[in-house]
Amino acid sequence: MDIIIGLTVKEGTIIATSKAATRGISILKDNDDKTRQLNSHNLIAYTGESGDTVQFAEYIQANIQLSTMRENEIELSPKAVASFVRNQLATSIRSRKPYQVNALIGGYDTKTQKPSLSWVDYLGTYVELPYGAHGYSAFYCTSLFDKHYRKDMTIDEGLKLLQMCVDELNRRMPIDFKGVYVKIVDAEGIRQIDFN
Amino acid sequence: MSDPSSINGGAAVAMVGKDCVAIASDLRLGNQSLGVSNNFEKVFQFGDKTFLGLTGLASDVTTLSQVFRLKTNLYKLREERSIEPQTFANLVSSTLYEKRFGPYFIGPIVAGLDSKTDKPFICGFDLIGCIDFAKDFIVSGTASDQLYGMCESLYEPNLEPEDLFETISQALLNAVDRDALSGWGCVVYVITKDRVVKRVLRTRQD
Amino acid sequence: MPGLNFDNYQRNQYLASKGFSQAKATSTGTTIVGCKFQNGVVIAADTRATAGDIVADKNCEKLHRLAPRIWCAGAGTAADTEMVTQLIASNLELHSLYENRKPRVITAMTLLKQHLFKYQGHLGAYLIVAGTDPTGAHLTSVQAHGSTDVGEYLSLGSGSLAAMAVLETNWKPDMTREEAMQLCSDAILLGIWNDLGSGSNVDLCVMEIGKDANLYRNYMTPNVRIAKERSYKFARGTTAVLQTSVRDLLDVEETVIPFGQKDSDAMEIEA
């Protein structure tokens, strides 16, 4: 199972995704990026059925970019982006072959200057959370978050907490997930940082 | 896996008092046994004194709350007044029955006061829109069995708003403590002639 | 768009294939009966609605009005009996307005059976249709698949066997109005006591030729809840509250705007 974790700190949102792409008993790739940038302050991280995931994320990406172009470079807020993603999944679940995609949307609202993390699953369930994860990693990480998370943490403190999560996952996950890519969404935009 | 209406968990209850009504829900959203959010309200307001509680599949809860927001807004534009609880109940019923052969997995409850007469109104529905008109209380969600027990024993007619608040709160609190899928916070609305009071309760967090 | 919407059907089939079982709708595990008499017809029903083995409503209404003098008792899926009945009541009224004639029981029954047959039994409505019209008093029943029966006395629902036991023993031709009411309520009572799906009260409707129909809501109440021996009221302040927000709905604000004031633009729509 792929790992995607996210948390909001005082000045931004941190998203981490595992680098391994697995299929059955094989690791096919150790540099798989399970995120797509939607606009300058929104990032989607996804897990689920291979094929569906990238197809869905890039469909969302294209539509958000189209919106940015149509609206004269005014970008959708994190809430609007998450609402759009939820709506797509809630429509999809009623179709003949639904997308089996779970997602976290990390965003930074430039208007209110607030970071946000949206948790969306394949059924179309949508909640805003201070921290969250999908799949098995949620079982390992939520307890760590529950104990150590504070909402006024700095990015560095957030990364330290994330490191605890990744260490725990390395210790307890039955297969090597080849480390994580970590991205930060804040007032400056989206950036990837070195992490191991 | 069990049925869709008990994946996310949640409970809601409504009660009639003396010239007032109360509607309450828990705040949990989970994925089976894993708690995901403790801030997922299941009570929505449509108009001054018309409230809807929605339990069941969280995806459908969000979808339906948006559908009803759209429908009540269009209603307001057409009629130049906000919707009455009675009318809203019929709107809920027909919206659900439209999907008779592919229902939304939800358990709605309506509570409110008539804008003209201030007469209390509550009702509940099954997932395909059959209305249950009750004079005393309505329950819904994964803790509905427990809520039936609590309400049946605690409820008494003609409670003042302050007493109704205690009764509905204790009914909900003690019911969700016997349901693994509900709890994690509760919210209670008490609706009277000239004010709506919303209270967030202190609850167990296990 | 009018009519039923099948969008979610596929989703639920998909969900079902993934192992999600179907949720249960409120059903009226019910006892309903009908019986003709000298000058009319009586129908009766119990008032229990169930969802699985939980009593969802202790005093629901299973007697529906199709036309002022045509009533029907419903068993089966509660939402279906309610909705199908409302739909046919509307069509019946439009039809009688168009034809400028009083609606007939046979018309109501035909509309119902054609609608139910169209849905091949998927609408779980089992109805006893009765009433008076210019051709006399009539008593019929309609099953979910669209078949119909005509009879002097009928019973339907999970308590129909218990009720029929009473009807078969006590029914006789040319009963008086009172005898028919007695027979029907006795039949329902047997359903209330002996069938788990039926309970609470007896609702009854009498339709007499040339007279307005009479609905006796809660004609018998053999299961009145005894008053609680003590109050379970809580002392105010029992429940711990974290946060309170009040929204005052009556917030009257008065502003006096004098006429002819030069600088006053308060009456302008766009200030």
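Residues numbered from 1 in each chain as written. Chains lettered and ligands numbered in written order. Predicted model: local features only at pLDDT ≥ 70, side-chain atom pairs only at ≥ 80, totals over all residues. Heavy atoms only, no water.

## Concerning the pairing of strand β8 (residues 120–125) of chain B
Residue and element names in this part refer to chain B.
Move 1: Most of β8 is tucked away: five of the six residues are buried.
Move 2: Here strand β7 (residues 106–113) pairs with β8 via five bridges, running antiparallel. Bridge pairing links A111 to I122 in β8.
Move 3: Remark: six residues form the turn of the hairpin made by β7 and β8, two consecutive strands paired antiparallel; D118 in that turn has positive phi of roughly 60 degrees.
Move 4: Here three bridges tie β8 to strand β9 (residues 131–133), and the two strands are oriented antiparallel to one another. (Buried < 20%, exposed > 50% of the residue type's maximum accessible area, 1.4 Å probe, protein only. Helix = DSSP H or I, 4+ residues; strand = E, 2+ residues; numbered from the N terminus. Pairing = 2+ DSSP bridges.)

## Let's talk about the interface of chain C and chain A
Move 1: Across the boundary between the two partners, chain C contributes eight residues, which contact eight residues of chain A.
Move 2: Interface of chain C and chain A: buried area, both sides summed, is about 670 Å²; carbon and sulfur atoms make up 51% of it.
Move 3: On the chain C side of the contact with chain A, C:Q10, C:R11 and C:Y14 bury the most area, a combined 64% of that side's loss.
Move 4: The tally of links from chain C across to chain A stands at zero salt bridges.
Move 5: There are three residue pairs in polar contact (both at pLDDT 80 or more) connecting chain C and chain A.
Move 6: Class assignment of the residues belonging to the side of chain C that touches chain A gives a composition of three nonpolar, two polar and three charged. (Contact = heavy atoms within 4.5 Å. Buried area = accessible area lost by both parts, 1.4 Å probe. Salt bridge = Lys/Arg side-chain N within 4 Å of Asp/Glu carboxyl O. Polar contact = N/O pair within 3.5 Å; in protein donor to acceptor, adjacent residues only side chain to side chain. Nonpolar A, V, L, I, M, F, W, Y, C, P; charged D, E, K, R; others polar.)

## Here we look at the packing of helix α1 (residues 58–79) of chain B against helix α2 (residues 85–97) of chain B
Residue and element names in this part refer to chain B.
Move 1: One can describe the packing of α1 onto α2 by two numbers: an axis separation of 12 Å at closest approach and a directional angle of 130 degrees. Overall, the two elements α1 and α2 adopt an arrangement that is oblique. Between α1 and α2 lies a crossing whose hand is right-handed. Where α1 approaches α2, its residues L64, V67, F68, K71, T72 and Y75 are matched on the opposing element by T87, F88, L91, V92, T95 and L96.
Move 2: The class makeup of the residues in the contact of α1 with α2 is eight nonpolar, three polar and one charged. (Axes fitted to C-alpha atoms, helices over the stretch in contact; angles between N-to-C directions. Parallel < 35°, antiparallel > 145°, perpendicular 65-115°, else oblique. Left-handed = near helix turned anticlockwise from the far one by under 90°.)

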